Amino acid sequence: KATIKWPNDVQIDGKKVAGILTELSADTERVHFVILGIGVNLAAPGIGLIRASQIVAVVVCPERFRTSRQFWSYCGLAIVTRSSSDWVKDAQAAGGWARKDVPQTRGLNRKRNPMLKSVFKGAALTVVQRQADHALTSHYMEMLKTTKPNLARLTIARKIAATVLAMWKNKEAYDPKRHDRPARS
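Below, the structure is looked at part by part.

Cut-offs and rules
Along each chain, the written sequence defines residue order, and numbers are assigned to residues from 1. Only residues with pLDDT of at least 70 are given local features in this predicted model, and only at 80 or more are side-chain atom pairs given and counted; all residues enter the totals for whole chains, interfaces and linings. Note: side-chain values were computed over all heavy atoms of the structure, leaving out hydrogens and water. A run of DSSP states H or I qualifies as a helix once it reaches four residues; a run of E qualifies as a strand once it reaches two. Both are numbered from the N-terminal end. What a helix is expected to span follows from its residue count: subtract one and scale by 1.5 Å. Each residue is placed in one exposure class: buried if its accessible area under a 1.4 Å probe, protein chains only, is under 20% of its type's maximum, exposed if it is over 50%, and partly exposed if it falls in between. Only heavy atoms matter for contacts: two residues are in contact if any of them lie within 4.5 Å across the pair. Within 3.5 Å is the distance limit for a polar contact, defined as a pair of N or O atoms, with the added protein rule that one can donate a hydrogen and the other accept it, and that residues adjacent in sequence qualify only through two side-chain atoms. Aromatic rings from Phe, Tyr and Trp, taking only the six-membered ring of Trp, are treated as a pair when their centres fall within 6.5 Å; an angle between ring planes under 30 degrees marks them as stacked, one over 60 as edge-to-face, and anything in between as tilted. Two conditions define a charge located above a ring, namely a distance within 6 Å from the ring centre to NZ of Lys or CZ of Arg, and an angle within 35 degrees of the ring normal.

**Describing helix α3 (residues 114–130)**
Here α3 contains 17 residues, and its C-alpha end-to-end distance of 24 Å stays within 8% of the 24 Å for a straight helix at 1.5 Å per residue. Listed as buried for α3 are L116, K117, V119, F120, G122, A123, A124, T126, V127 and V128. Contact partners of the buried residues in α3: α1 (49–59), α2 (68–75), β8 (107–108), α4 (135–143) and α5 (149–170). A distance of 3.0 Å separates the backbone nitrogen of M115 from a side-chain oxygen at the start of α3, and that oxygen is part of N113.

**Structural notes on the side chain of H134**
By the element assignment, H134 lies in the loop between α3 and α4. Looking at H134, its side chain comes within polar contact range of the side chain of Y174, at 3.0 Å.

**Structural notes on the packing of aromatic side chains**
Summed over all chains, the structure comprises 3 aromatic pairs. Of note, R64 hangs over the ring of Y74, and the distance from its end group to the ring centre comes to 4.8 Å. Just above the ring of W72 sits the side chain of R158; from NZ or CZ to the centre is 3.7 Å.

Now the structure itself:
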């Protein structure tokens with residue numbers, strides 16, 4: 001349940017999620033300007049005030065996404081693995097064409113929200129370039145041993161998107177320990 005706590009806090013289930021700021025300049029005959037600002041409490045790696053505001057403005061209601069995969073698809077971070085080029089000529093098949101079983105990545109989904117894609121990819125780039133001691137950066141460095149840099153950053157972007165969605169839906173604060181990976185033996 002969303003409520004407003006006097007004078008300017010927005011709360012959901014009793015937890016502060018945002019603050020509202022207003023400024024007005026007017027005289028008796030006219031209003032010169034009105035400024036309305038909303039500060040969002042969505043602290044996650046690589047997500048600052050501007051990115052958090054963009055996420056909130058576009059997504060509005062995180063409950064419409066049941067899973068991280070649905071959210072990734074909406075953001076343009078879902079991986080597409082099929083295309084029309086999977087068909088090959090085959091003399092033995094009826095009609096001369098047969099589906100070739102090629103489980104190769106074809107890229108990211110095209111039906112997406114470009115702003116959210118940019119937000120999460122930018123957040124991933126910020127984390128790997130500026131937060132050397134973060135668990136996601138060490139995960140990125142580990143992935144670079146076997147994965148191309150752009151795909152490793154995409155994985156980090158997907159992790160950040162999933163984290164933001166979970167935080168928002170569960171009304172939780174960010175916990176960096178959730179990204180810690182157990183050591184491989």
